[in-house]
Amino acid sequence: MRTDPPHILCVNPWVHDFAAFDFWARPLGLFTIAAILRRNRVRVSFVDCMNRFHPRKTNRVKVYWDGRGPFEKTRIPLPEVLEPHLGKDGVNFTRYGALKGWIEQDLSAMDRPDLILVTSLMTYWATGVAETIALLKKVFPGVPVALGGIYATLCDAHARQYSGADHVITGPAEPVLADLVKTCTGFTLNHIPAPTDLDAEPFAALDLQESMAYAPILTSRGCPFSCEYCASSFLEPRFRRRSPDNVFQEIRHWHTRFQVKNFAFYDDALLINPEKNAFPLLERIIDEKMDLFFHTPNALHIKEISAKAADLMFKAGFKTIRLGLETTDFSSHRHDIKVRQDEFFTAVENLRAAGFAKDQLGAYLLCGLPGQDLDEVEASIGLVKRLGVTPVLAYYTPIPHTAMWADAVKNARFDITAHPALTNNSLFPCVRSQQDLARISQLKKMVK
Ligand code: B12
């Protein structure tokens, strides 16, 4: 048994994609794990391949007023598995994030860790995860590497075979972290938050970052809905919430200690049951005159946007509102009966009456679903625009373990089960004809 605390390195891997931008994208799960480790006296290091503020960067860092901004980019060869579908040339396949040499130097300058924890986000970023792990293995041969997160959970068999990690862990870390650390380092973690009480989790260790342009905030885990295209209920089978007071304390913590002004809510269901959760939180933020900016990139449930909800969000400082509309073909009901036409109209009216401007309001419209009639998307864009809301196309990515996966596999132009990179939404895997692909390019122009 080991009593001196081990050194654990937490790593946010590179993103390989055709396009990427930091629109409030931080590895919140990894920061949560790091916070739990710190609470247990573990020595935690953090290497962020997606660090926009890397000290070796020589050109000016662009930070927009809302905290977002571009990543550094390096053109890389297309993964072999994509070549038959795109050809070798003329395709901008890119490694986003800090340059490889910078990360290699950072790792080489570091004390050898006892264990390395790598997180993962989008399934189709699998090659970025593998490249990161290959570098970790080169610099720290023999140190065990554990991979967890969304790709590891949704594509565990693939991750076991191709990521290069010694351990691939599915689902939330909290129930398995103590065992993993014990097995790999011999050290016992005595303080693991009970799964029944999210308030018992320490605040995510966002302060491990070089700079905090914004803070991601999660008031709940999971979602009470089960939409066909979404993996949320597989990733987090139980909908759990933090108390408004606990969330408020966290917002105040990042603001007063680290001068964070912009906060991005990561919730799948921020406004569900608002009287008990969102309203008390927003009222408190208003009462304390916090003067902060809030953003909801992960979309709000339209049904819940009453006049009171809209008013409180406006007064609390919400600046970016995204609505989870999906389609305005309200008769189709294919995704979930989450919203009716009159509910959408009322929500928009409430938001405009509260004071939100058109450019603050965006409605996500799903595009590229298996068998989708693109007339439906065009009609939705028109209707959303007429209501004074900005249409935002959300290109469909097929996700294993969702109800729509089987349909996606059947409808895809190629075998999307062969490699997660083939599910990248930039490829529109479920759009079958050249005509429809051309039509999507037109629709993209319509929303610009
Ligand atoms: C917040 C969020 C976003 C944010 C940013 C996320 C980010 N960090 O980059 C925003 C709103 C920007 C976003 C955007 C998109 N998202 Co999103 N997003 C989420 C969401 C709701 C929550 C993720 C999260 O932070 N969870 C909270 C933390 C605490 O959990 P966690 O990271 O999973 O970590 C836990 C475990 O995984 C585990 N763990 C994590 N790392 C490790 C490491 C080790 C070693 C171990 C042991 C364990 C472990 O323990 C952690 C603590 O319990 C998920 C759905 C969900 N409920 O998970 C979708 C989800 C990840 N998004 C999804 C999609 C489709 C998208 C978009 C493509 C949507 C679109 N069509 O435009 C875009 C594109 C993103 C991009 N290109 O950058 C899909 C994933 C698709 C895929 N193929 O992988 C999901 C699953 C939702 C869905 N539709 O099913 N998203």
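Remember, it's a predicted structure, so these values are computed and weren't measured experimentally.

Q: I keep staring at the site of the ligand and nothing clicks. Help me out?
A: Not every one of the 39 residues close to the ligand is listed here, only the nearest: Arg26, Thr119, Thr123, Glu174 and Ala231. Interatomic distance of 2.7 Å between a side-chain N/O atom of Thr119 and a nitrogen atom of the ligand. Between the ligand and Glu174, the relevant distance is 2.8 Å, taken from an oxygen atom to a side-chain nitrogen or oxygen of the residue. Broken down by secondary-structure element, the contributors of at least two residues to the shell around the ligand are α1 (28-39), β6 (115-118), β7 (145-147), α8 (232-235), β13 (293-300) and β16 (390-395).

Q: Honestly, unusual backbone geometry in this entry has me stumped. Any pointers?
A: Note: most residues except glycine have negative phi, and most peptide bonds are trans. One non-glycine residue, Lys289, lies in positive phi territory at about 50°. Mapped onto the fold, Lys289 is located in the loop between α10 (278-287) and β13. Here His401, not a glycine, exhibits a phi torsion of approximately 70°, which is positive. As for its placement among the helices and strands, His401 is situated in the loop between β16 and α14 (405-411). With a relative accessible area of 43%, His401 lands in the partly exposed category.

Q: Looking at this structure, how should I read the sheet that holds strand β1 (residues 7-12)?
A: Two pairing modes exist for strands in a sheet, parallel and antiparallel, and in both the strands are linked by backbone hydrogen bonds. A sheet is described by the order of its strands in space; here five strands give the open sequence β3-β1-β6-β7-β8, paired in parallel fashion. Strands with a single pairing partner mark the edges of an open sheet, and in this sheet they are β3 (43-48) and β8 (167-168). One ladder, built from six bridges, connects β1 with β3; its direction is parallel. Considered in β3, the bridge of Cys10 is made with Phe46.

Q: Before we go on, may I ask you to explain the domain arrangement of the protein chain in this structure?
A: The figure often quoted for interface size is the accessible area lost as the parts come together. Here the protein chain is described as being made up of domain 1 (7-185) and domain 2 (214-447). Here the C-alpha centroids of domain 1 and domain 2 sit 25 Å apart. Contacts between domain 1 and domain 2 engage 28 residues on the former and 30 residues on the latter. Summed over both sides, the interface of domain 1 with domain 2 buries roughly 2600 Å², with 72% coming from carbon and sulfur. Summed over the three residues of domain 1 that lose the most area to domain 2, namely Trp24, Tyr124 and Leu154, the buried surface amounts to 30% of that side. At the boundary of domain 1 and domain 2, one finds eight residue pairs in polar contact (both at pLDDT 80 or more). Taken together, the elements giving at least two residues each to the side of domain 1 that touches domain 2 come down to α1, α2 (83-86), α4 (126-139) and α5 (150-154).

Q: I would appreciate a short explanation of α4 in the present structure.
A: A rise of 1.5 Å per residue sets the reference length of α4, with its 14 residues, at 20 Å; its end C-alpha atoms lie 20 Å apart and thus fit the reference within 8%. Summarising burial for α4: ten of the 14 residues are buried, a large majority. Within the span of α4, buried status applies to Ala126, Thr127, Gly128, Val129, Glu131, Thr132, Ile133, Leu135, Leu136 and Val139.

Criteria and thresholds
Residues numbered from 1 in each chain as written. Predicted model: local features only at pLDDT ≥ 70, side-chain atom pairs only at ≥ 80, totals over all residues. Heavy atoms only, no water. Near = heavy atom within 4 Å. Polar contact = N/O pair within 3.5 Å; in protein donor to acceptor, adjacent residues only side chain to side chain. Helix = DSSP H or I, 4+ residues; strand = E, 2+ residues; numbered from the N terminus. Buried < 20%, exposed > 50% of the residue type's maximum accessible area, 1.4 Å probe, protein only. Pairing = 2+ DSSP bridges. Domains from an automatic or database assignment. Contact = heavy atoms within 4.5 Å. Buried area = accessible area lost by both parts, 1.4 Å probe. Expected span 1.5 Å × (residues − 1).

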